There are 2 protein chains.
Amino acid sequence: MGGDDAPEAIVAGAVEAVRAGERVVLVGDRARLEPLLPRRGRPDVVHSPVAIAMDDGPVAVRRRENASVRVAMGLVKDGRACAAVSCGNTGATLVAAILDLGVADGVERPAIATVLPRADGGRLVLLDAGANVDCRPEQLASFALLGVAYAEALGMRNPRVGLLSNGEEDRKGNMQVRATLPLLRELPILVVGNVEPPAAMEGACDVLVCDGFVGNILLKAAEGAVTTVVGLLREEVRRSVPGMTGAFLLRGAIERFRDRVAWDAHGGALLLGTGGLVVVGHGRANPVAVHRAVELARRSSEQGLLDALSKRLGDRVSR
Amino acid sequence: MGGDDAPEAIVAGAVEAVRAGERVVLVGDRARLEPLLPRRGRPDVVHSPVAIAMDDGPVAVRRRENASVRVAMGLVKDGRACAAVSCGNTGATLVAAILDLGVADGVERPAIATVLPRADGGRLVLLDAGANVDCRPEQLASFALLGVAYAEALGMRNPRVGLLSNGEEDRKGNMQVRATLPLLRELPILVVGNVEPPAAMEGACDVLVCDGFVGNILLKAAEGAVTTVVGLLREEVRRSVPGMTGAFLLRGAIERFRDRVAWDAHGGALLLGTGGLVVVGHGRANPVAVHRAVELARRSSEQGLLDALSKRLGDRVSR
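Owing to the predicted nature of the structure, the values given are computational and were not obtained by experimental measurement. (Residues numbered from 1 in each chain as written. Chains lettered and ligands numbered in written order. Predicted model: local features only at pLDDT ≥ 70, side-chain atom pairs only at ≥ 80, totals over all residues. Heavy atoms only, no water.)

Peer 1: Can you tell me about the packing of helix 6 (residues 137-153) of chain B against helix 12 (residues 305-318) of chain B, naming the residues and giving the values?
Peer 2: Each pair of packed helices can be described by the angle between their axes along with the distance between the axes. All names here are of chain B. Following both chains from N to C, one finds helix 6 and helix 12 inclined at 130 degrees, their axes separated by 9 Å at the closest point. One way to sum up the angle between helix 6 and helix 12 is to call them oblique. Relative to helix 12, helix 6 is oriented so that their crossing is right-handed. Of helix 12, the residues touching helix 6 (which contributes Leu145, Leu146, Val148, Ala149, Tyr150, Glu152 and Ala153) are Leu305, Ala308, Leu309, Arg312, Leu313, Arg316 and Val317. Residues of the contact of helix 6 with helix 12, tallied by class, amount to eleven nonpolar, no polar and three charged. (Axes fitted to C-alpha atoms, helices over the stretch in contact; angles between N-to-C directions. Helix = DSSP H or I, 4+ residues; strand = E, 2+ residues; numbered from the N terminus. Parallel < 35°, antiparallel > 145°, perpendicular 65-115°, else oblique. Left-handed = near helix turned anticlockwise from the far one by under 90°. Contact = heavy atoms within 4.5 Å. Nonpolar A, V, L, I, M, F, W, Y, C, P; charged D, E, K, R; others polar.)

This is how it looks when you write it as structure tokens:
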């Protein structure tokens, strides 16, 4: 029931996913969902009469045990679903996950981890991408452990951890960053120090740690800049290349390249550090993004991500 | 003496500026600067034996009154220069400006203001772009006043102010943002509320307010994303367009477009809210960027920016 174009976009995405072979359960108000479903190839529906709104706070989530996001977490807890996907209120998803699935051993707070493509062909795990807007240094340090465990589960060896900052020198950063760097250096992980956004995108580190406010701003700034740039480039090509030739030549290149760069190509990101698999979708999710979020959830489950994370986390926490 | 490639890149930029008709005084170690200067068309040199390093703190700036950045501020204070340009330690430049030029009436802390191109053809004044990494809500409110005065001085009418956040609803944002929004709404300015980076780049506001840590991350994330994207696009075009035709057709477009988008095309940004004109250059400044920073300083002086700012600021503060 959550997301800017819910439930229509969510239902359309779920239907697309089912047609592609995914097994999806929609949790929400049956009276609103049923009319949107096709006759054939429809997802299951679990009725939940209550929804958390985009501007509801944590208290609402705590009180409304029958809210759709909490019912969805309950399905995961009971083993009736392998993962929960939510495109609604991120804070509410976090609180529901903590309440119903619990926090994993050795984790201070769950965090949203996004995987970004790097200019050097590698991948960058960024966390927190938006779950926790105000963080203590100990929480950031815990994100580093989560990020390393996730990077390893993705197949990276000896992931290098960077702390997002406005300069690479140790004394750069705000108070939060300056208090966090020494804590990172005490952990059994490979820390490269403070890292600025361009260096991270070029491959200076494999895991980039920040609070959820700054991480979210970083992602959205990159997304906004790329959109602006592609728009201006189209315009330039239209002006400078005679006739349709240039536009024609470019179209394929721009499309493939957007696909490759698309900062939200996954449609969602994993909420790491809870007792179950949770995917947080984009608030502006369209059906394609919803389908991708479902794929990410199913793939993570098939790969046994939760066990891999808890094993790697446990190894490090016990050190 | 400040900047990653100082003094070579700074001197080369100053020489380029002088050749283009600017009047430039270099402040620094004469023994190191003189060998870099050409016989003709050379900037003046004011000797200062001491430099502030990139990792020096505020105390060093306070103690070393003969450091080059402080001597440069002194030239502005004494009316011997119309503006100071520094590509060195940003924190040191801020402290030197406060110590030697003072803080303007009604201003809590000076802030760095950057002007960005928007997708809708307009301009976006972003501040603070990196002078103050930890800010109280009252300081952010003061940045809003500074930003509006600057936008008006640039010719914008009734500039709309947005507060950078991770969501547009009033209850979004971290503690700092949530405490700042009500303060902004009490000021005699037009406040649109919380604004996310993509919306700001598309034209949702004319002035975007944030602390210097987040503002710097935003700018560098946008810069990094654009660089990555242009690189990938070049690669795609090379792969997809037969022969040299595509590359040839594209080259002009990409160049003009980079020129238009280039987030650091100005070579520097103004430090607003002190008793003199100060331009903070990019730490990685190359000669072209230094030349542009000098142009920005001279143009701002010719336009009487300081008087315009203090008048507009005074009008609002007295309300």
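The discussion continues.
Peer 1: Residue-level account of helix 5 (residues 90-101) of chain B, with values.
Peer 2: Residue and element names in this part refer to chain B. Helix length check: helix 5 (twelve residues) gives 16 Å between terminal C-alpha atoms against 16 Å at 1.5 Å per residue, within 8%. For helix 5, the secondary structure elements touched by its buried residues are helix 3 (58-63), helix 4 (68-77), strand 3 (83-86), strand 9 (268-272) and strand 10 (277-281). Where helix 5 begins, the side chain of Asn89 points an oxygen toward the backbone nitrogen of Gly91, at a separation of 3.1 Å. Trailing helix 5 by a residue or two, Gly102 shows a phi angle of about 80 degrees, which is positive. (Expected span 1.5 Å × (residues − 1). Polar contact = N/O pair within 3.5 Å; in protein donor to acceptor, adjacent residues only side chain to side chain.)

Peer 1: Explain the pairing of strand 6 (residues 160-164) of chain B to me, using residue names and the numbers behind them.
Peer 2: Residues and elements named next belong to chain B. The buried fraction of strand 6 amounts to four of the five residues, a majority that puts the element mostly inside the structure. Inspection of the sheet shows strand 6 paired to strand 7 (residues 190-195) by five bridges, in the parallel sense. Considered in strand 7, the bridge of Arg160 is made with Leu190. Here three bridges tie strand 6 to strand 8 (residues 207-209), and the two strands are oriented parallel to one another. Its bridge partner lying in strand 8, Val161 is registered against Val207. (Buried < 20%, exposed > 50% of the residue type's maximum accessible area, 1.4 Å probe, protein only. Pairing = 2+ DSSP bridges.)

Peer 1: Outline the sheet that holds strand 4 (residues 111-117) of chain B, supporting the account with residue identities and numerical values.
Peer 2: All names here are of chain B. In space, the eight strands of this open sheet follow the order 3-10-9-4-5-8-6-7, with mixed pairing throughout. Each end of this open sheet is capped by a strand with a single partner; those strands are strand 3 and strand 7. The mean angle between the axes of side-by-side strands here comes to 30 degrees, regardless of whether they run parallel or antiparallel. Summarising the sheet, strand 5 (residues 123-127) and strand 8 pair through three bridges and their orientation is parallel. Within strand 8, the residue paired with Leu127 across the bridge is Val209. Most of the contacts of helix 4 go to strand 3, to which it runs at about 160 degrees, and overall it touches strand 3 and strand 10.

Peer 1: Hey, could you go over the sheet that holds strand 5 (residues 123-127) of chain A for me, with residue numbers and the actual values?
Peer 2: All names here are of chain A. Spatially, 3-10-9-4-5-8-6-7 is the arrangement adopted by the eight strands of the open sheet, whose pairing is mixed. Each edge of the open sheet carries a strand with a single partner, namely strand 3 (83-86) and strand 7 (190-195). Within the sheet, the average angular offset between the axes of one strand and its neighbour, ignoring direction, is 30 degrees. Of the strands in this sheet, strand 6 (160-164) and strand 7 touch helix 7 (residues 175-185), which is tilted by about 165 degrees from strand 7.

Peer 1: Run through the pattern of salt bridges, naming residues and quoting values.
Peer 2: Residues and elements named next belong to chain A. A complete count under the given rule lists 32 salt bridges over all chains for this structure. Residues Glu34 and Arg30 are paired through a salt bridge, measuring 3.3 Å at the closest nitrogen-oxygen approach. For Arg136, the salt bridge is made with Glu108, and the minimal N-O distance between the two is 3.2 Å. Taken as a pair, Arg136 in the loop between strand 5 and helix 6 (137-153) and Glu108 in the loop between helix 5 (90-101) and strand 4 (111-117) lie far apart in primary sequence, 28 residues in all. Looking at Glu108, the relative accessible area reads 38%, which means it is partly exposed. (Salt bridge = Lys/Arg side-chain N within 4 Å of Asp/Glu carboxyl O.)

Peer 1: Explain the packing of helix 6 of chain B against helix 7 (residues 175-185) of chain B to me, using residue names and the numbers behind them.
Peer 2: Residues and elements named next belong to chain B. At a minimum axis separation of 9 Å, helix 6 and helix 7 run at an interaxial angle of 50 degrees. Considering their axes alone, helix 6 and helix 7 lie oblique with respect to each other. Helix 7 is crossed by helix 6, and the crossing has right-handed handedness. Residues Pro137, Glu138, Leu140, Ala141 and Ala144 of helix 6 lie in contact with helix 7, whose contacting residues are Gln176, Ala179, Thr180, Leu183 and Leu184. Here the contact of helix 6 with helix 7 is composed, by residue class, of seven nonpolar, two polar and one charged.

Peer 1: Could you give an account of the environment of Leu181 of chain B, with specific residues and numbers?
Peer 2: Residue and element names in this part refer to chain B. Here Leu181 is to be found in helix 7. Separated by 83 residues in the primary sequence, Leu181 and Ile98 place their C-alpha atoms 27 Å from one another. Filtering out sequence-adjacent residues up to four positions away, Leu181 remains in contact with Leu163, Asp170, Val191, Gly193 and Asn194.

Peer 1: Explain unusual backbone geometry to me, and be specific about the residues and the numbers.
Peer 2: All names here are of chain A. Residue Ala6 is joined to Pro7 through a cis peptide bond whose omega torsion reads -5 degrees. Positionally, Pro7 belongs in the segment before helix 1 (8-19). For the bond from Leu127 to Asp128, the omega torsion is 5 degrees, close enough to zero to count as cis. Of note, Asp128 is situated in the loop between strand 5 and helix 6. Positioned with a positive phi, Asn158 is a non-glycine residue whose angle comes to about 45 degrees. Within the secondary structure, Asn158 is located in the loop between helix 6 and strand 6.

Just geometry here; none of it tells us what the structure is for.
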